[in-house]
Amino acid sequence: MAAEPNVYIDSKFNYWNLPTKARVLLISNVPQAICQPDLLYNLFSFYGDVERVKVLRNKNNCSLVEFSTATFACIAKDHLDQTCIRGEKLVVTFSRFASVRMPEEIGLPGDLNTKDYSGPEYQKFRRYWSEELKKNNMRNIIIPTSTVHISGLQNGKSPNDVKRLFDDFGLSVVDCFGVEVKSKKKKDGQVVPLPPTTPKMFCYVQFATVDDGLVGLSKFGNSAGMRISFAKDNLESLKKNCIEKKLPLIIGDQIPV
């Protein structure tokens, strides 16, 4: 008997009978605050690996987002359809197109409205490209919230530096705290020091509104090495949980060393 393929499928997202061509979503009522390929990529790639994004030329509040699989497209649709951003209610439906084509592929000059994210330079941004990453990340998929988790922060930064990043962009941050990352990890039963360039802190940020959380993730989701994810709990619950686990908290202008 042949061995079953080692393919991870989260039971919450075990969609059946999805046609292969259902990998492309049509997004309508996109607010100008996030109506750019990179910003849409940052938002939608939280729900699945995105291959291409196109902002429509004749309808600049509409876009096409192509995922690597129809399952990821369905997950994104279920979690983002009817979401309000900057007074606009996103309408997310399956597109009639089976793929997003680059302008050069249809004899048109290249433009900034269509972008391909399938190349190796975007590998580090893909949350689901391996079975192990799927196991770790699919369990964290939720609807947008006002609280986000930020990893991949540059060393030498404090929680207040993170807060100022969002404040300077006009987003309202209620509070923010960091958690010190262990300088060592266990591998094969032995304690191994992490490289000195490994980020020494991750952060939780509480925005005043879900709206600001959405824009914050869209704007900064993959910038400067940061990885931003929506968090299920509010900041007080997260802080209490960290204290109970005796994780070292980083507050205000403190910088982990």
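Bear in mind that the values here come from a model prediction, so they are computed numbers and not experimental data. (Residues numbered from 1 in each chain as written. Predicted model: local features only at pLDDT ≥ 70, side-chain atom pairs only at ≥ 80, totals over all residues. Heavy atoms only, no water.)

Draft legend 1. Expanded view of the nonpolar core. Ranked by size, the top nonpolar core spans 52 residues in total, and within it Leu-43, Phe-44, Phe-67, Ile-150, Phe-166, Val-205 and Phe-230 carry the most contacts. For Leu-43, the residues in contact, after removing those within four places along its chain, are Ile-34, Leu-80, Ile-85, Leu-214, Leu-217, Ser-218 and Phe-230. Grouped together as the second largest cluster of nonpolar side chains are eight residues, Phe-177, Phe-202, Tyr-204 and Ala-231 included. (Core = buried A, V, L, I, M, F, W, Y, C linked by side-chain atoms within 4.5 Å. Buried < 20%, exposed > 50% of the residue type's maximum accessible area, 1.4 Å probe, protein only. Contact = heavy atoms within 4.5 Å.)

Draft legend 2. Spotlight on the pattern of salt bridges. Throughout the structure, instances matching the rule amount to twelve salt bridges. Of the charged contacts, one joins Glu-131 and Lys-134 as a salt bridge, the two residues approaching to 3.4 Å between their closest N and O atoms. Taken together, the residues span about one helical turn, with Glu-131 and Lys-134 both in helix α3 (residues 131–137) at a distance of three residues. One salt bridge connects Lys-239 with Asp-175, and the closest N-O pair in it is separated by 4.0 Å. Placement of the pair is Lys-239 in helix α6 (residues 235–244) and Asp-175 in strand β9 (residues 173–180), with a sequence separation of 64 residues. Here the residues in one salt-bridge network are Arg-52, Glu-105 and Asp-116, joined through shared partners. (Salt bridge = Lys/Arg side-chain N within 4 Å of Asp/Glu carboxyl O. Helix = DSSP H or I, 4+ residues; strand = E, 2+ residues; numbered from the N terminus.)

Draft legend 3. Representation of the environment of Leu-249 within the structure. As for its position among the elements, Leu-249 is in strand β14 (residues 249–250). Aside from chain neighbours lying at most four places away, what touches Leu-249 is Phe-177, Gly-178, Val-179, Lys-239, Cys-242, Ile-243 and Gln-254.

Draft legend 4. Focus on the sheet that holds strand β2 (residues 50–55). Sheet architecture is open: five strands sit in the order β6-β1-β3-β2-β7, paired in antiparallel fashion. Only two strands of the sheet have a single neighbouring strand rather than two, namely β6 (91–94) and β7 (114–116). Ignoring strand direction, the axes of neighbouring strands in this sheet form an average angle of 20 degrees. By the bridge criterion, five bridges tie β2 to strand β3 (residues 63–67) in an arrangement that is antiparallel. Of the residues in β3, the one forming a bridge with Lys-54 is Leu-64. Sitting on the sheet, helix α1 (residues 37–44) is in contact with β1 (24–28), β2, β3 and β7, with an inclination near 140 degrees to β2. (Pairing = 2+ DSSP bridges. Axes fitted to C-alpha atoms, helices over the stretch in contact; angles between N-to-C directions.)

Draft legend 5. Local environment of the sheet that holds strand β13 (residues 227–230). Taking strand neighbours across the sheet as the criterion, the five strands line up as β13-β8-β12-β9-β14 in an open arrangement whose pairing is antiparallel. If you trace the sheet from one side to the other, it starts and ends with β13 and β14, each paired once. In this sheet, β13 lies alongside strand β8 (residues 147–151) in antiparallel orientation, the contact comprising four bridges. In the strand pairing of β13, Val-148 is matched with Phe-230.

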